[in-house]
Amino acid sequence: MAKLILSMDGLVLKEIALDKERLSIGRKPQNDIQIDNLAISGEHAVIVTILNDSFLEDLNSTNGTLVNGQSVKKHILRNNDLIELGKYRLKYMAEAAVRPDDHDKTMLQRPDKLALGEIGKAGESGSVSRTGSLPPAAIQLLNGPSAGKELLLTKTLTTLGKPGTQVAVIAKRPHGYFITHVEGKSFPLVNGVAIDAQAYPLDDHDVVEIAGIKMEFFLKA
């Protein structure tokens, strides 16, 4: 399991295991990692962990978030990445070092259109096949400029949405397909109902709405 090591001025304060899908960081006491310092916003950043991947998102904090000295809004964490929040440091330690070629990321994005992307990685544990083997699946866009476009869910993780507005990930697990909210103030809709921060299992012909774009999830025969 990946973990974060919190330190300040070279002094290690604590270790935090990334044992939940959504871990919040900020000055307010309701955060999972509370840092009581005026340089830290009340809700400063969040780390979403899906399978073996962790995503850092800055929540429009006043002073920003740095990773390895670079200001970021959204970042896929790599082993030994150093997150900087004011005087505080969070070092990301993966369970095993990740090779650069472990992540095959493709973004299919145009202005004002839905962004579709895939992040390929070694698999993990999971969710719901009734046949013992997971059938192939796809999504088909139902509205917008790309209506009718079909995307096969061949990778372990498929990103959907508009960066900066709303992003979700469909995870292909040994027992089914799950959708998880990653970025944005509002959560994706499944059959018209908003999901929460936890991974949500998808059923055949579920209609998903992300960033105003509707798409149908379906299993392929």
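Residues numbered from 1 in each chain as written. Predicted model: local features only at pLDDT ≥ 70, side-chain atom pairs only at ≥ 80, totals over all residues. Heavy atoms only, no water.

Asker: Tell me about unusual backbone geometry, and name the residues and values.
Answerer: Positive phi, normally seen in glycine, also occurs at Asn-191, with a value near 55°. One can find Asn-191 in the loop between strand S19 (189–190) and strand S20 (193–194). Look at His-205: it is not a glycine, yet its phi comes out positive at around 75°. In this structure His-205 comes out as partly exposed when scored by relative accessible area, which is 48%. (Helix = DSSP H or I, 4+ residues; strand = E, 2+ residues; numbered from the N terminus. Buried < 20%, exposed > 50% of the residue type's maximum accessible area, 1.4 Å probe, protein only.)

Asker: Residues and numbers for the confidence of the model for the chain, please.
Answerer: Taken as a whole, the chain shows an average pLDDT of 80; of its residues, 82% reach a score of 70 or greater. In this model residues 97–113 is a low-confidence stretch, pLDDT under 50, and it forms 37 contacts with partners more than four residues away in sequence or in other chains. Low pLDDT (under 50) marks residues 117–132, which in the prediction has 59 contacts with non-local residues, meaning those over four places away or in another chain. (pLDDT = per-residue confidence, 0-100. Contact = heavy atoms within 4.5 Å.)

Asker: I'd love a proper account of the pattern of salt bridges, names of residues and values included.
Answerer: On inspection of all chains with the given rule, the structure shows six salt bridges. Here Lys-20 makes a salt bridge to Asp-32, at a shortest N to O gap of 2.8 Å. In this pair, Lys-20 sits in the loop between strand S2 (11–17) and strand S3 (22–26) while Asp-32 sits in the loop between S3 and strand S4 (33–34), placing the two residues twelve residues apart along the sequence. The class for Lys-20 is partly exposed, based on a relative accessible area of 37%. Of the charged contacts in the structure, one is a salt bridge between Glu-84 and Arg-89, with a shortest N-O distance of 3.7 Å. Among the residues examined, Glu-84 registers a relative accessible area of 17% and is labelled buried. (Salt bridge = Lys/Arg side-chain N within 4 Å of Asp/Glu carboxyl O.)

Asker: So, the sheet that holds S20: which residues are in play, and what are the values?
Answerer: The strand order across the open sheet formed by six strands is S15-S14-S23-S22-S19-S20, and the pairing between neighbours is antiparallel. Strands with a single pairing partner mark the edges of an open sheet, and in this sheet they are strand S15 (150–152) and S20. Pairing geometry for strand S14 (residues 137–141) and S15, over three bridges, is antiparallel. Along S15, the bridge assignment pairs Gln-140 with Glu-150. (Pairing = 2+ DSSP bridges.)

Asker: How would you summarise the packing of aromatic side chains if you had to cite specific residues and measurements?
Answerer: Taken as a whole and assessed by the stated rule, the structure comprises one aromatic pair. The ring of Phe-178 has Arg-173 sitting right over it, with the charged end atom 4.8 Å from the ring centre. (Phe/Tyr/Trp six-rings, centres within 6.5 Å; stacked < 30°, edge-to-face > 60°. Lys NZ or Arg CZ within 6 Å of the ring centre and 35° of its normal.)

Asker: Before we move on, could you go through the pairing of strand S18 (residues 176–183) and cite the residues and values that matter?
Answerer: On a regular strand, each side chain points to the face opposite its neighbour's, so the side chains alternate between the two faces of the sheet. For S18, a buried count of eight out of eight residues is recorded, marking the element as mostly surrounded by other parts of the structure. Alignment of strand S17 (residues 166–173) against S18, held across seven bridges, turns out to be antiparallel. Across the sheet, the residue bridging to Ala-171 is Phe-178, located in S18. The hairpin formed by S17 and S18 contains two residues between the paired strands. The sheet contact formed by S18 and strand S21 (residues 200–201) spans two bridges and is antiparallel.

Asker: Give me the lowdown on the environment of Gln-34, citing residues and values where you can.
Answerer: Within the element layout of this structure, Gln-34 appears in strand S4. In this structure, the C-alpha to C-alpha distance between Gln-34 and His-44, residues ten residues apart in sequence, is 9.8 Å. Within the structure, Gln-34 has its side chain in polar contact with the backbone oxygen of Arg-27 (distance 3.1 Å). (Polar contact = N/O pair within 3.5 Å; in protein donor to acceptor, adjacent residues only side chain to side chain.)

Asker: Residue-level account of the sheet that holds strand S7 (residues 65–67), with values.
Answerer: Spatially, S2-S1-S11-S10-S7-S8 is the arrangement adopted by the six strands of the open sheet, whose pairing is antiparallel. Single-partner strands in this sheet number two, and they are S2 and strand S8 (70–72). On average, each strand axis in the sheet is inclined to that of its neighbour by 30°, with strand direction left out of account. As paired elements, S7 and strand S10 (residues 82–85) share two bridges and run antiparallel to each other. From the neighbouring strand, Leu-66 faces S10, where its bridge partner is Glu-84. (Axes fitted to C-alpha atoms, helices over the stretch in contact; angles between N-to-C directions.)

Asker: For the pairing of S14, give the residues involved together with the corresponding values.
Answerer: Most of S14 sits out of view: four of its five residues are buried. Sheet topology places S14 next to strand S23 (residues 213–219); five bridges connect them, and they run antiparallel. Bridge pairing links Leu-141 to Met-215 in S23.

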